[in-house]
Amino acid sequence: GYIFDHYGATVSCLSAAIIVSASYGSIHYGLNYPGDELPLFLFDVAFFMVGLGSGLGYIAALGSATQTFRKTANAGRAVGFVSAGFGLSSTLVGISYHFVGVEGFFLLWAILVALANGMGAIVLGKYMEMEELEEEEPGSVALVQVPGQVVENQSDVIDDKQKAIKKWTTWR
């Protein structure tokens, strides 16, 4: 969540692509080249990194769907669709393992994850930029006080500041 919140969907998806693909690639290398046996703890680290990277991609998709549909009646449907897609991935993993076998399984998923997250970085990044441009509200007031400016009603300024803080701290 932190990377998505602070850097956006593009960085989350690209990070996921790099982390998961490198991890699956290292697992593939460790299993298929027995002359270069990897210690068991490196497999553990690689599988941990697969989970971490998968979470980054999932949060990028889930956060983008939430932001995009938050003001519509289809918000729950959009979030459910993303969640169902993530759940469906385990079925695809099992089917691909059955057809490819252990020899090519991790290499196949290194490539598939890199492609899927790379496309996600392109699509979600461009879409989120367009949405930010459309999101600016007409009539919104910047909370900058010019030195020497006389404020007639201090409570209006405080209310505006509270609204701005709430706006920037919710799903941003």
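Preceding this paragraph is the structure being described.
So, here's what we can say about the structure. Since this is a predicted model, take the numbers as computed values, not measurements. (Residues numbered from 1 in each chain as written. Predicted model: local features only at pLDDT ≥ 70, side-chain atom pairs only at ≥ 80, totals over all residues. Heavy atoms only, no water.)

### So, the overall build of the protein
Next up, step 1: Scanning the protein for helices and strands turns up 6 helices and 0 strands.
Next up, step 2: For the protein, the sequential pattern of α-helices and β-strands runs α-α-α-α-α-α.
Next up, step 3: The buried share of the protein, taken over its 172 residues, is 27%.
Next up, step 4: Sequence-distant contacts, at least 24 apart, represent 70% of the contacts inside the protein between residues at least 6 apart.
Next up, step 5: Summed over its atoms, the accessible surface of the protein is roughly 11,700 Å², and 67% of this surface lies on carbon and sulfur atoms. (Helix = DSSP H or I, 4+ residues; strand = E, 2+ residues; numbered from the N terminus. Buried < 20%, exposed > 50% of the residue type's maximum accessible area, 1.4 Å probe, protein only. Contact = heavy atoms within 4.5 Å. Areas by Shrake-Rupley, 256 points an atom, 1.4 Å probe, with all protein chains shown as cover.)

### Examining the environment of F48
Next up, step 1: Locating F48 in the fold gives a position in helix α3 (residues 40-69).
Next up, step 2: Note on F48: relative accessible area 56%, which makes it exposed.
Next up, step 3: With 25 residues separating them along the chain, F48 and S23 place their C-alpha atoms 8.7 Å apart.

### Some words on the side chain of H28
Next up, step 1: Relative to the helices and strands, H28 is located in helix α2 (residues 9-32).
Next up, step 2: Under the relative-accessibility criterion, H28 is labelled buried at 13%.

### Some details on the packing of α3 against helix α4 (residues 75-100)
Next up, step 1: For the pair α3 and α4, the least separation of the axes is 8 Å and the interaxial angle reads 165°. When the interaxial angle is binned, α3 and α4 end up roughly antiparallel. The hand of the α3/α4 crossing is right-handed. Counted together, S54, Y58, A61, L62, A65, T66 and F69 of α3 and A75, A78, V79, V82, S83 and F86 of α4 form the full contact between these two elements.
Next up, step 2: Residue composition of the contact of α3 with α4, by class: 10 nonpolar, 3 polar and no charged. (Axes fitted to C-alpha atoms, helices over the stretch in contact; angles between N-to-C directions. Parallel < 35°, antiparallel > 145°, perpendicular 65-115°, else oblique. Left-handed = near helix turned anticlockwise from the far one by under 90°. Nonpolar A, V, L, I, M, F, W, Y, C, P; charged D, E, K, R; others polar.)

### Some remarks on the packing of aromatic side chains
Next up, step 1: Tallied over the full model, the rule gives 5 aromatic pairs.
Next up, step 2: Between Y24 and F106 the ring centres are 5.8 Å apart and the planes differ by 40°, which places this aromatic pair in the tilted class. Highlighted residues: Y24 in helix α2 and F106 in helix α5 (residues 102-135), separated in sequence by 82 residues. With respect to class, Y24 is no different from F106; both count as buried.
Next up, step 3: Relative to F106, the ring of F105 lies with its centre 4.9 Å away and its plane at 80°, an arrangement referred to as edge-to-face. In this pair, the class of F105 matches that of F106, namely buried.
Next up, step 4: The structure contains a cluster of three or more aromatic residues connected by ring pairs, namely Y24, F47, Y97, F105 and F106. (Phe/Tyr/Trp six-rings, centres within 6.5 Å; stacked < 30°, edge-to-face > 60°.)

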